[in-house]
Amino acid sequence: MKARVAILISGRGSNMAALIAAARAPDYPAEIALVLSNRADAGGLALAAAAGVPVAVVESRGRPREAFEAELQAVLEARRIGLVALAGFMRVLTEGFVRAWEGRMLNIHPSLLPAFKGLDTHRRALEAGVRLHGCTVHLVSPGVDEGPILAQAAVPVLAEDDEAALAARVLAEEHRLYPAALAWLAAGRVRLEGGRARVEAEGASGVLANPLPGPAALSTQPPRD
Ligand code: GAR
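**Points about the site of the ligand**
Okay, so step 1: Taken together, Arg12, Gly13, Ser14, Asn15, Gly88, Met90, Ile108, His109, Pro110, Asp145, Leu171 and Glu174 make up all the residues around the ligand.
Okay, so step 2: A distance of 2.9 Å is found between an oxygen atom of the ligand and a backbone nitrogen or oxygen belonging to Asn15.
Okay, so step 3: When isolated, the ligand has an accessible area of 450 Å², and the protein chains bury 88% of it.
Okay, so step 4: Of all elements in the fold, only helix H1 (14-22), strand E5 (105-109) and helix H6 (163-186) reach the threshold of two or more residues within the shell around the ligand.
Okay, so step 5: Residue classes in the shell around the ligand are distributed as four nonpolar, five polar and three charged.

**Some words on the packing of helix H5 (residues 121-128) against H6**
Okay, so step 1: For the pair H5 and H6, interaxial distance at closest approach is 9 Å and the crossing angle is 115 degrees. Accordingly, the angle class assigned to the pair H5 and H6 is roughly perpendicular. Of the two elements, H5 crosses H6, and the hand of that crossing is right-handed. Seen from H5, the contacting residues are His122, Arg123, Ala125 and Leu126; seen from H6, they are Glu163, Leu166, Ala167 and Val170.
Okay, so step 2: Classifying every residue of the contact of H5 with H6 gives five nonpolar, one polar and two charged.

**Looking at the environment of His138**
Okay, so step 1: Relative to the elements of secondary structure, His138 occurs in strand E6 (residues 132-139).
Okay, so step 2: Through-space distance from the C-alpha of His138 to that of Leu182 is 9.9 Å; in sequence the pair is 44 residues apart.
Okay, so step 3: Within the structure, His138 has its side chain in polar contact with the backbone oxygen of Glu146 (distance 3.3 Å).

Quick notes on the rules
One numbering rule holds for all chains: residues counted from 1, following each sequence as written. For a predicted model such as this one, the threshold for reporting local features is a pLDDT of at least 70, and the threshold for listing and counting side-chain atom pairs is 80 or more; totals across whole chains, interfaces and linings nevertheless cover every residue. By convention in this description, side-chain values take in all heavy atoms of the structure and omit both hydrogens and water. Here, proximity means that at least one heavy atom of the residue falls within 4 Å of the molecule or strand. Here a polar contact is recorded for every N or O atom pair within 3.5 Å, except that within protein the pair must consist of a potential hydrogen donor and a potential acceptor, and residues adjacent in sequence are included only if both atoms are side-chain atoms. All accessibility values rest on the Shrake-Rupley procedure with a 1.4 Å probe; residue burial counts only the protein chains present in the view. In DSSP terms, a helix is any run of H or I states spanning at least four residues, a strand is any run of E spanning at least two, and both are numbered starting from the N terminus. Each residue is assigned to one class: nonpolar for Ala, Val, Leu, Ile, Met, Phe, Trp, Tyr, Cys and Pro, charged for Asp, Glu, Lys and Arg, and polar for all the others, Gly among them. Axes here refer to lines fitted to C-alpha atoms; in helices the fit is confined to the stretch in contact. Angles between the N-to-C directions go from 0 to 180 degrees. Orientation categories follow fixed angle ranges, with anything under 35 degrees roughly parallel, anything over 145 roughly antiparallel, 65 to 115 roughly perpendicular, and all other angles oblique. Should the near helix be turned anticlockwise from the far one by less than a right angle, the crossing is termed left-handed; should it be turned clockwise, right-handed. Here, two residues are considered to be in contact whenever any of their heavy atoms come within 4.5 Å of each other.

Shown next, in the form of structure tokens:
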């Protein structure tokens, strides 16, 4: 039987849409049983409804965390949800809620964790001058943007990049990485060993470097005058 997944969103829902699209494949090991937003005005709700996925809103504004999470938990149980995928869900969850879903809740974050936890990751990556940036899918542990890493994708940071260009390059990778990572978890291909996640999947190969250290960069050049 396929794992029943709830996707939690707060905004436009482009990662949600990528997960819904991937889950249409007959051999995908999970079905998207619910899209839930903590904001009634999240753009992703309309996309999900148009795709025929059940949607729900549990409003988080102006109420205590415990009341919000109790209702959230009740909705997830009523829909017999087995896995939760946070996709641009911008509400910090309490330790109690996170523990209840430990090993069954994923998040995608737009940086190569543990670098740039929190907000404004692309601006901060540009300010730091990193040459490689990217995204991470991880199991959720208590602590913001923390938990065992399942997968990462790296992109180069180019000299002419602004925040929007870099965000778009990372987002394209998010849309490829998240469906793959959710499938691994749903298919039982993720094991926790000593606080780290081991994934049964194709291994990565080669070296990712930017700029590329080609032969010219390695040879010693006589000084030019
Ligand atoms: C995505 O870039 C996601 O990685 C990020 O929010 C964006 C949501 O976009 N998540 C976080 O920053 C969580 N810490 P989307 O609604 O189009 O998927």
